[in-house]
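Residue strings, one per chain:
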Amino acid sequence: MRLSASGLTCIRGMRVVFENIGFELSTGEVMTVIGPNGAGKSSLLRLMAGLIRASAGRIELEAGDSDLSLPEQAHYQGHLDPLKASLTVAENLAFWTSYLGGGLGAEAALVAIGLEGLADLPAAYLSAGQRRRLSLARLVAVQRPVWLLDEPTSALDAAGQARLAELMRDHLAGGGMIVAATHGPLGIEAKELRLGRVA
Amino acid sequence: MTPLSALLVRDMRLAVRIGGGALMGVLFFLIVVTLVPLAVGPDLAQLRRIGPAMLWLGALLASLLTLDRLFAADQEDGSLDLMLMGRAPLELVVLVKAAAHWITTGLPLVIVTPLLGLFLNLEPGAIAAVALALLIGTPALTCIGLVGAALSVALRRGGLLLPVLVLPLTVPVLIFGVAAASGEASSGTAFMILGALTLMSLVLGPFAAAAALRHGLE
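None of the values given here were measured: they were computed from a predicted structure.

*Asks:* Any chance you could explain the overall build of chain A here in plain terms?
*Replies:* Looking only at helices and strands, chain A features five helices and eight strands. Shown N-terminal to C-terminal, the secondary structure of chain A runs as helices and strands in the order β-β-β-α-β-β-α-α-α-β-α-β-β. Taken along the three principal axes of its C-alpha coordinates, chain A extends 50 × 35 × 30 Å. Going through the 199 residues of chain A one by one, you find that 42% of them count as buried. Counted over contacts in chain A with a minimum sequence separation of 6, partners at least 24 positions apart contribute 72%.

*Asks:* How should I be thinking about the sheet that holds strand S1 (residues 2-12) of chain A in this particular structure?
*Replies:* Across a sheet, paired strands are connected by hydrogen bonds in the backbone, their directions being either parallel or antiparallel. Residue and element names in this part refer to chain A. Within the open sheet, the three strands sit side by side as S2-S1-S4. Their pairing is antiparallel. The two strands at the open ends of the sheet, each matched to only one other strand, are strand S2 (15-26) and strand S4 (56-62). Averaged over all adjacent pairs, the angle separating strand axes in this sheet is 15°, with direction ignored. Strand direction decides the pairing type here: S1 and S4, joined by six bridges, are antiparallel. Bridge assignment links Leu 3 to a residue of S4, and that residue is Leu 61. Seen against the sheet, helix H1 (residues 41-48) touches S1, S2 and S4 and runs at an angle of roughly 120° to S1.

*Asks:* Got a minute to help me understand the sheet that holds strand S7 (residues 177-181) of chain A in this structure?
*Replies:* All names here are of chain A. Pairing in this open sheet of five strands is parallel, and the strands run S5-S6-S7-S3-S8 from one edge to the other. Edge positions in the sheet fall to strand S5 (74-77) and strand S8 (191-194), since each has one partner strand and no second. Strand after strand, the sheet turns through a mean of 15° between neighbouring axes, direction not considered. As paired strands, S5 and strand S6 (residues 146-150) are joined by four bridges and run parallel to one another. The residue of S6 that forms the bridge with His 75 is Trp 147. Packed onto the sheet, H1 meets strand S3 (30-34), S6 and S7 and runs at close to 145° relative to S7. The sheet contacts of helix H5 (residues 158-173) involve S3, S6 and S7, and relative to S7 the element is tilted by about 145°.

Conventions we followed
- Numbering of residues begins from 1 in every chain and follows the order in which that chain's sequence is written.
- Chains and ligands are labelled sequentially in the order written, the chains with letters from A and the ligands with numbers from 1.
- Totals for whole chains, interfaces and linings use every residue, but because this is a predicted model, local features are given only for residues with pLDDT of at least 70 and side-chain atom pairs only at 80 or more, for both listing and counting.
- Helix and strand assignments come from DSSP, with helices taken as H or I runs of at least 4 residues and strands as E runs of at least 2, each series counted from the N terminus.
- Buried means a residue has 20 or more other C-beta atoms within 10 Å of its own C-beta, exposed means 12 or fewer, and partly exposed covers the counts in between; C-beta atoms are placed from the backbone.
- Residue pairs are scored as contacts if the distance between their C-beta atoms, which are placed from the backbone, is within 7 Å.
- In short, DSSP must find at least two bridges between two strands for them to pair.
- Here, axes are lines fitted to C-alpha atoms. For helices the fit covers the stretch in contact, and angles between N-to-C directions go from 0 to 180 degrees.

Shown next as structure tokens:
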């Protein structure tokens, strides 16, 4: 599988966020998107997720499922954790697992992300790091070839970051691809895409 | 579970949990209808005459009350992003959310209507007519409100815009709903027009709301 983009331009509110960005990524590779605040890291990820439109350029996923678009074959983890405070940990995860097309049971995904034993707790009582872990659990529970991660390690403790790195390695070993916007190290070998002015 | 049934179950669960809107709509309806006799005075004949109209106004305001959170809550925690990316068609997603909203707020209004009809000194026949008119007409209120809810999310101007956008569009439903409940000779025709309005909004509402949400991506 191969993810390629060329000539991507993003204009938001009359301002050019980035211009003429291109990259290529093949199976088992990670690309980190780095750059100063406002360089367009989140915009690039949202653009790949189909949540904003590119003003120019194209993104293609070769040898993917030809019936599905790139967003439909991707997991997107933005700054927000799509969780409902009044549902329990297990209910939140079970909903996204069914909604996104089914896969691993909630139990196994919670173990993989290190939230076992909290399944019956309402999500309202989770800490920021636990919320992020629960949100990331759906990436494990439902198989998608492309992961789009926006600052995935924020709020995670050292153990959580190590666990995420492990999950990312497993995902890559299984033929996946990851694009992550980050300020810190992810703990795995990665290509770099630098946005914004080079200081 | 399929994606859409999972969504239906989740939305209904959220509505009945703490902070959900299911009970709020019914309580609001109860308060509005209870206030009417206090405001109008103890004239039983007059209450009976305006009763169906008051029930309809109460139902309209009660269903509007909870509509503004329909998409806003999902937008604030990023759930809406995942729904927009998902494999389920957005029109159906929107329709399922509308169904969950109606089951948790519209249907309870219909169920408590007989009780509130007694407050307003309505005859048993008139109570049945109002309840039936509300049963047929409240899905239209939800589906019309759906468009307003989607637009107010897309425009990021919050819930205040919603009543301004939605209330004018609900005028036909209100007119024919009250006419259907009046028990006059023309009420049969009014029932049919009310049914037509509901069917139309069921078909058009989800498409318009989905288009508004997609436009909000810009």
